[in-house]
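# Structural features, examined
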Amino acid sequence: MSETIREGGCACGALRYRLRGEPIFVNNCHCRQCQQQTGGTSVVNAFTETENFELLSGELTQHTVKSGSGGPHRIFRCTHCGTAIFSHYPRLGELGLGLRVGTLDEPASLTPDAVVFTAERMPWVTLPDGIPQFEAYYDPARVLPPERFGRLADMVRRREANA
Ligand SMILES: [Zn+2]
Ligand SMILES: [Zn+2]
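Residues numbered from 1 in each chain as written. Chains lettered and ligands numbered in written order. Predicted model: local features only at pLDDT ≥ 70, side-chain atom pairs only at ≥ 80, totals over all residues.

### A word on the environment of Gly93
- Relative to the helices and strands, Gly93 resides in the loop between β8 (84-88) and β9 (96-100).
- Counting along the chain gives 19 residues from Gly93 to Arg74, while the straight-line C-alpha distance between them is 9.1 Å.
- Ignoring anything within four residues of it in the chain, the contact list for Gly93 reads His88 and Arg159. (Helix = DSSP H or I, 4+ residues; strand = E, 2+ residues; numbered from the N terminus. Contact = placed C-beta atoms within 7 Å.)

### Concerning the sheet that holds strand β3 (residues 25-29)
- Taken in spatial order, the seven strands line up as β6-β7-β8-β9-β4-β3-β10 in an open sheet, and their pairing is mixed. The open sheet has two free edges, formed respectively by β6 (60-66) and β10 (114-116), since each of these has just one partner strand. Averaged over neighbouring strand pairs, the angle between their axes works out to 30 degrees when direction is ignored.
- Both strand β7 (residues 72-78) and β8 contribute to a ladder of four bridges, which runs antiparallel. When the sheet's bridge partners are listed, Arg74 is paired in β8 with His88. (Pairing = 2+ DSSP bridges. Axes fitted to C-alpha atoms, helices over the stretch in contact; angles between N-to-C directions.)

### A few points about unusual backbone geometry
- Positive phi values are uncommon outside glycine, yet Phe117 reaches one of about 55 degrees.
- If you trace the backbone, Phe117 turns up in the loop between β10 and α2 (140-143).

Function cannot be read off these values alone, since they describe shape.
Laid out in structure tokens, this is it:
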């Protein structure tokens, strides 16, 4: 079976990357923090193991903000134009990343597994049919297919072993 390869980049074109394999899960998050950080109604992030992300060109600059849990949420942006490419979140640290799906060359190639923090959405936003929705977050063990939940659990174990 050939592995899926996706590519993407920033707005100025200096930064290009490659994403190997399918993400573990894709969230469309409507929380207030995502609204503030993006200036938009929500964000779409694809979560995967960091080793599946390969920088092809350009440079990343790191900006740290507070996550929902209060721990460091580290946003990595193109040094040249500031487009946010991915984030490391406290739970998985550097083992996992949330890639901004809008930076893919073909963002329509990924569909969210879940719409989260719908309770915080801008009141005029219509939510999509056919995608599970949660007022806050969800239990990944219940929502994700076993193979993908296994990849997540494996990262959590690796993270705890290194803590
Ligand atoms: Zn750029
Ligand atoms: Zn959010």
